[in-house]
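What follows is each chain in one-letter form.
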Amino acid sequence: MDKENLHYADAPVGTELERLTRRGASRRDVLRALAAAGMASLTGAGLLTASSGAFAQPQPQPQPKQGGKIRVATQSSSSADTLDPAKGALGTDYVRGNMFYNGLTEFDSHLGAKMGLAESLESKDATVWVVKLRTGVQFHDGKSLTPADVVFSLMRNKDPATASKAKTVADQFKEVKATGPNEVTITLEGANADLPVILADSHFLIIKDGTTDFKTAVGTGPYKVKDFSPGVRTVGVRNEKYWKPGLPHIDEIELIGISDESARVNALLSGDVQLINAVSPRSTERIKSTPGFEVLETKTGEYTDLVVRDENGITGNDDFRRGMFYLQDREQIKRAVFRGFGTIANDQPIDPTNKYYLAGIPQRTFDPDKAKFYFQKSKVGSTPVQLFASPAAEGSVEMAMLLQQAAPAAGLNLQVTRVPADGYWSNHWMKHPLGFGNVNARPSADVLFTQFFKSDAPWNEANWKSPKFDQMLLAARGEPDDAKRKKIYGDMQVLVHETGGVGIPMFQSSLDAHTSKLQGLGSIPLAGLMGFAFAEHVWLVS
Amino acid sequence: MHAHAQRLIAARLGLALLTLLLVSAVVFGITGLLPGDAAQQALGQAATPEAVTALRHQFGLDQPALQRYVQWLFHVVTGNFGTSLSNNLPVSELIATRLPNSLVLAGLTTLVSVPVALLIGISSAMFRGSLLDRVLNVLTLSTVAVPEFLIATIAVLVFAVKLRWLPALSYLSEVSSFGGLLRIYAMPVMTLCCVIVAQMARMTRAAVLDQLNSSYVEMAILKGASPMRVVLRHVLPNTIGPIANAVALSLSYLFGGVVIVESIFNYPGLASLMVDAVTNRDMPLVQGCVMVFCAAYLALVLIADLAQIVSNPRLRQR
């Protein structure tokens with residue numbers, strides 16, 4: 001691929017096309033830009049990484065408008081708000097990160113990676129990766145982006161004193177060093193073909209070398225910090241020198257947190273804010289019936305799962321587990337608990353938006369008779385079984401109620417204990433034989449499997465140990481051939497579905513709502529608010 | 001009177017210091033009993049044992065509780081309230097940004113609620129047993145019985161979403177004029193008034209009624225004073241003590257108890273700061289907020305006592 005094509009590949013095609021058509025480009029120019037985009041996705045696949053389709057089908061979009069101010073309310077904001085990407089824990093932190101910083105790569109609409117601050121990311125063996133940095137990128141204070149910034153930003157996640165949320169992921173960086181004026185070489189502990197996707201994670205956003213003070217954020221991102229008060233508000237103003245041509249569109253974005261859902265919806269409907277996230281399915285009718293407002297559903301891989309831990313006792317019994325999974329009334333959970341927003345799941349964690357999803361595994365359905373058969377086989381008898389649920393794991397209290405209602409028909413004496421959300425993750429999650437967990441969408445199949453299903457994973461919720469699975473996980477991670485990877489991931493999904501210890505009834509959708517005047521919102525299946533990266537994409541029409 | 005008041009103030013200040021000390025010890029002990037600590041809370045689901053150990057060490061949470069408390073106390077004596085564990089800013093700075101907001105909200109609510117409560121209390125006492133008395137009684141009791149989140153939410157639905165007269169959020173950055181101030185504070189102040197007016201009004205009514213039954217009032221009526229004069233000139237000075245105490249108790253609620261109103265209107269006050277601090281197990285910040293609430297409470301009670309002394313000639317002359 002020649003230099004010019006590479007350059008075209010950098011900018012999102014929509015923007016590049018606009019730029020060309022604006023200046024009256026010839027048809028040939030436009031065609032070439034499109035071809036370059038197509039090639040980019042081809043080479044992307046060749047480089048083991050980018051998902052296809054992101055560039056290949058530029059959507060005909062209305063002309064974005066420049067200017068204007070918006071206010072955005074998310075569900076979480078507290079005095080623990082941070083501008084430190086490594087510490088980011090909640091939606092607002094990720095939104096802030098994507099406003100003020102950039103990553104080496106970014107997510108596309110299929111959770112593949114497209115290039116961000118990196119111009120290219122290449123590897124022969126998926127272990128040693130050479131990153132070529134984009135030239136001419138400046139931080140908000142005028143300093144140019146250098147390899148030292150990248151080295152610092154990535155390596156600090158390994159330092160326990162940073163308290164990075166992505167430390168376990170960062171531990172696979174064996175070495176990150178500058179190998180040229182615009183080149184960084186990342187050496188991994190073992191092969192991982194998913195590195196480009198991992199680097200798009202907001203914890204690996206690029207900050208300035210040596211930054212220790214996060215009262216403000218000096219990044220390369222589309223907005224500059226105007227005001228940041230934790231738990232109150234964050235104001236970003238347009239970065240005039242942003243390296244993506246024509247972006248961002250909005251002049252000023254103010255980010256606030258309103259924890260109460262109905263207050264958040266009211267603020268939207270009264271016109272005080274223009275965009276909100278975490279809308280409850282119950283409120284969607286009200287928003288849709290008000291003229292001038294829209295609900296945006298983003299299908300994600302997030303799930304609340306029934307955890308049947310393999311410990312001493314009945315929950316370690318395979319038949320008991322099968323019985324519990326047949327007792328989940330997935331249709332009713334989807335209808336009653338989530339008002340139809342979501343996708344029915346099949347007790348394996350890869351959702352249909354993922355490119356490695358294996359279609360065609362026979363769907364487990366609600367079947368109290370089968371459950372009864374398995375419970376009898378497991379000889380659980382009438383011993384009371386305790387199930388722990390908490391509002392901390394979204395929908396789990398309702399799901400537990402449904403299980404309890406269905407239990408007598410299957411001859412199970414199920415007792416539900418409801419515990420408070422406060423402190424749930426440290427005191428209850430994975431501490432009871434039978435309980436619930438909640439897993440947010442992860443950027444890649446590898447990350448999800450590694451964090452939650454590998455035999456020695458710290459969050460192996462069900463304490464499920466399968467050497468065969470671990471072996472396949474490592475094989476897939478280092479497999480450069482995408483088709484072969486897909487095959488291995490497919491087999492792993494079957495394995496988890498058939499023998500695993502978690503019941504995953506459905507994948508949840510993330511619901512945002514906005515005024516119809518706000519346009520340009522798309523969906524990135526990681527989470528709502530365009531995978532928290534809406535800021536540079538949206539614009540206002542009057 | 002001066003000597004008496006001075007002695008009282010001195011004694012009260014001494015007691016206040018002791019109270020603050022005890023409260024801080026109790027709060028420290030109780031928050032220690034809460035499940036999880038700042039390190040686990042900060043790491044959330046990502047709390048692997050080694051990450052928690054590292055962060056605990058960084059926060060100094062690996063030291064014995066008693067040592068941490070004494071250290072904190074020592075710093076407070078030198079005027080240093082420590083650093084917040086959740087965002088690394090000085091506690092005094094965090095409180096300084098929120099305290100004025102809380103004071104303004106409390107002040108405006110006081111300005112509105114106290115006159116209204118006095119008016120309701122006095123008039124229902126003057127016309128006791130009448131229709132007016134009963135109507136006011138039912139009205140105040142029903143507003144205090146309705147939970148404040150319901151009042152606030154309905155107010156937002158009506159005034160912000162349907163009529164669009166008032167903003168749904170109390171947003172301080174937009175105050176540019178007196179009219180703007182009124183618009184922003186209208187709903188939170190109204191909601192809080194609903195909560196506290198009833199209690200003050202009923203205490204006022206009881207205090208005034210108590211006096212109306214005494215013999216000097218009979219005397220005043222017999223000498224021909226008008227009902228208005230009887231209440232304002234003869235009865236009110238004698239009820240200042242109890243009323244001041246009722247008002248002080250109600251107003252102390254305006255500091256720590258307004259968290260629901262703060263969260264519904266997204267008002268950045270101290271109460272929500274404290275709730276965040278507890279959720280994050282951010283000990284220095286919790287302690288800082290508690291000290292402020294406790295001090296405010298003690299100050300209000302002291303003022304009420306002084307008002308009682310000043311208004312009572314028998315106490316005044318001792």
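Residues numbered from 1 in each chain as written. Chains lettered and ligands numbered in written order. Predicted model: local features only at pLDDT ≥ 70, side-chain atom pairs only at ≥ 80, totals over all residues.

S.K.: Please give an account of the overall build of chain A that cites residues and values.
M.R.: When helices and strands are tallied, chain A shows 18 helices and 20 strands. Put simply, chain A has 542 residues, and 53% of those count as buried. The long-range share in chain A, meaning contacts at least 24 apart out of those at least 6 apart in sequence, stands at 70%. (Helix = DSSP H or I, 4+ residues; strand = E, 2+ residues; numbered from the N terminus. Buried ≥ 20, exposed ≤ 12 C-beta atoms within 10 Å, placed from the backbone. Contact = placed C-beta atoms within 7 Å.)

S.K.: Lay out the overall build of chain B with the relevant residues and their values.
M.R.: Secondary structure assignment for chain B yields 14 helices and 0 strands. When the elements of chain B are put in sequence order from the N terminus, they spell out α-α-α-α-α-α-α-α-α-α-α-α-α-α. Dimensions of chain B, computed from C-alpha atoms along their principal axes, come out at roughly 85 × 60 × 35 Å. Across the 318 residues in chain B, those meeting the buried criterion constitute 36%. A separation threshold of at least 6 residues defines the contact pool for chain B, and within that pool the share at least 24 residues apart is 71%.

S.K.: Got a sec to walk through the sheet that holds strand β7 (residues 183-188) of chain A? Specific residues and values, please.
M.R.: All names here are of chain A. In space, the 4 strands of this open sheet follow the order β4-β5-β7-β6, with antiparallel pairing throughout. Because the sheet does not close on itself, it has two edges, and the strands there are β4 (118-123) and β6 (173-180). Direction aside, the axes of adjacent strands within the sheet are offset by 20 degrees on average. As judged from the 5 bridges shared by strand β5 (residues 128-133) and β7, these two strands associate in the antiparallel manner. Residue pairing in the sheet places Val128 in a bridge with Thr187 of β7. Each of β5, β6 and β7 touches helix α5 (residues 147-155); the most contacted strand, β6, lies at about 175 degrees to it. (Pairing = 2+ DSSP bridges. Axes fitted to C-alpha atoms, helices over the stretch in contact; angles between N-to-C directions.)

S.K.: Quick one: what's the story with unusual backbone geometry, residue by residue and with numbers?
M.R.: All names here are of chain A. Of note, the bond from Leu247 into Pro248 is cis; its omega dihedral lies within 30 degrees of zero at -10 degrees. Mapped onto the elements, Pro248 comes out in the loop between β9 (233-238) and β10 (252-257). Positive phi, normally seen in glycine, also occurs at Asn463, with a value near 55 degrees. Along the chain, the position of Asn463 falls in the loop between α15 (445-452) and α16 (467-477). Note on Asn463: 17 C-beta atoms within 10 Å, which makes it partly exposed. Of note, Met530 is a non-glycine position whose phi angle comes to about 55 degrees, a positive value. With respect to the helices and strands, Met530 occurs in helix α18 (residues 528-531).

S.K.: Please set out helix α8 (residues 178-212) of chain B residue by residue, giving values where relevant.
M.R.: Helix length check: α8 of chain B, at 35 residues, gives a terminal C-alpha distance of 41 Å against a target of 51 Å (1.5 Å per residue), a shortfall beyond 12%. Its axis deflected by about 45 degrees at Ala186 of chain B, α8 of chain B carries its strongest bend there, up to four residues before the proline Pro188 of chain B. (Expected span 1.5 Å × (residues − 1). Bend = angle between axes of the 7 residues up to and from the residue.)

S.K.: Which residues make up α15 of chain A, and what are the values?
M.R.: Ala445, Asp446, Phe449, Thr450 and Phe452 of chain A are the residues of α15 of chain A that are buried. The inward-facing, buried residues of α15 of chain A contact β16 (434-439), α16 and α17 (482-499) of chain A.

S.K.: Quick rundown of the environment of Val416 of chain A? Include the residues and the values.
M.R.: All names here are of chain A. Along the chain, the position of Val416 falls in strand β15 (residues 414-418). When the C-alpha atoms of Val416 and Phe388 are compared, they prove to be 6.0 Å apart, with 28 residues separating the residues in sequence. With near-sequence residues (within four places) excluded, Val416 lies in contact with Leu387, Ala389, Ala400, Met401 and Gln404.

S.K.: Please provide a residue-by-residue account of the packing of helix α5 (residues 91-126) of chain B against helix α6 (residues 131-145) of chain B, values included.
M.R.: All names here are of chain B. In the contact formed by α5 and α6, the axes pass within 8 Å of each other and the chain directions differ by 145 degrees. In this structure, α5 crosses over α6, and the sense of that crossing is left-handed. Here Ile120, Ser123 and Ser124 of α5 come into contact with α6, specifically with Leu132, Asp133, Leu136, Asn137 and Thr140. Tallied by class, residues from the contact of α5 with α6 come to 3 nonpolar, 4 polar and 1 charged. (Left-handed = near helix turned anticlockwise from the far one by under 90°. Nonpolar A, V, L, I, M, F, W, Y, C, P; charged D, E, K, R; others polar.)

S.K.: Please set out the interface of chain A and chain B residue by residue, giving values where relevant.
M.R.: Facing 33 residues of chain A, the contacting portion of chain B comprises 39 residues. Taken together, the elements giving at least two residues each to the side of chain A that touches chain B come down to α6 (167-170), α8 (261-269) and α14 (424-427) of chain A. Of all the elements, α8 of chain A adds the most residues to the side of chain A that touches chain B, at 5 residues. Tallied by class, the residues present in the side of chain A that touches chain B amount to 14 nonpolar, 13 polar and 6 charged.

S.K.: Now, about the nonpolar core: what can you tell me, with residues and values included?
M.R.: Val131 of chain A together with Cys289 of chain B are the most contacted members of the largest nonpolar core, which has 211 residues in total. Looking at this core element by element, the count peaks at 15 residues for α8 of chain B. Apart from residues no more than four positions distant in its own chain, Cys289 of chain B is found in contact with Ile95, Leu270, Leu273, Met274 and Ala277 of chain B. (Core = buried A, V, L, I, M, F, W, Y, C linked by C-beta atoms within 7 Å.)

S.K.: Give a description of the confidence of the model for chain B that names residues and reports values.
M.R.: Predicted confidence across chain B gives a mean pLDDT of 84, with 94% of residues reaching 70 or more. Confidence estimates for the predicted assembly give a pTM of 0.75 and an ipTM of 0.71. (pLDDT = per-residue confidence, 0-100.)

S.K.: Lay out the pairing of β7 of chain A with the relevant residues and their values.
M.R.: Residue and element names in this part refer to chain A. Burial of the side chains of β7 is restricted to one face: Val184, Ile186 and Leu188 are buried, whereas none of Glu183, Thr185 and Thr187 on the reverse face is. Pairing analysis gives 6 bridges linking β6 to β7, with the strands arranged antiparallel. In the sheet register, Phe173 faces β7, and the bridge partner there is Leu188. A loop of 2 residues connects β6 with β7, the two strands running antiparallel in sequence.

S.K.: Summarise the pairing of strand β1 (residues 69-74) of chain A; cite the residues concerned and give the values.
M.R.: Residue and element names in this part refer to chain A. Most of β1 is tucked away, with 5 of its 6 residues classed as buried. Strand direction decides the pairing type here: β1 and β10, joined by 6 bridges, are parallel. Paired with Ile70 across the two strands is Ile253, which belongs to β10. Relative to strand β11 (residues 275-276), β1 is paired through 2 bridges, and the arrangement is parallel. From the neighbouring strand, Ala73 faces β11, where its bridge partner is Ile276.

S.K.: So what about the confidence of the model for chain A? Which residues, and what values?
M.R.: Residue-level pLDDT values for chain A average 83, and 89% of them are 70 or greater. For residues 1-58 of chain A, every residue scores under 50 in pLDDT, and the model assigns this stretch 83 contacts once sequence neighbours within four places are set aside.

S.K.: Just give me the short version of the environment of Leu232 of chain B, but keep the residues and values in it.
M.R.: Take Leu232 of chain B: it is sitting in helix α10 (residues 227-256). Since 13 C-beta atoms lie within 10 Å of it, Leu232 of chain B is described here as partly exposed.

S.K.: Which residues make up the environment of Ile9 of chain B, and what are the values?
M.R.: Residue and element names in this part refer to chain B. Within the secondary structure, Ile9 sits in helix α1 (residues 2-33). Taking the C-beta count within 10 Å as the criterion, Ile9 has 14 such neighbours and is therefore assigned partly exposed. For Ile9 and Val138, which are 129 residues apart along the polypeptide, the C-alpha to C-alpha distance reads 40 Å.

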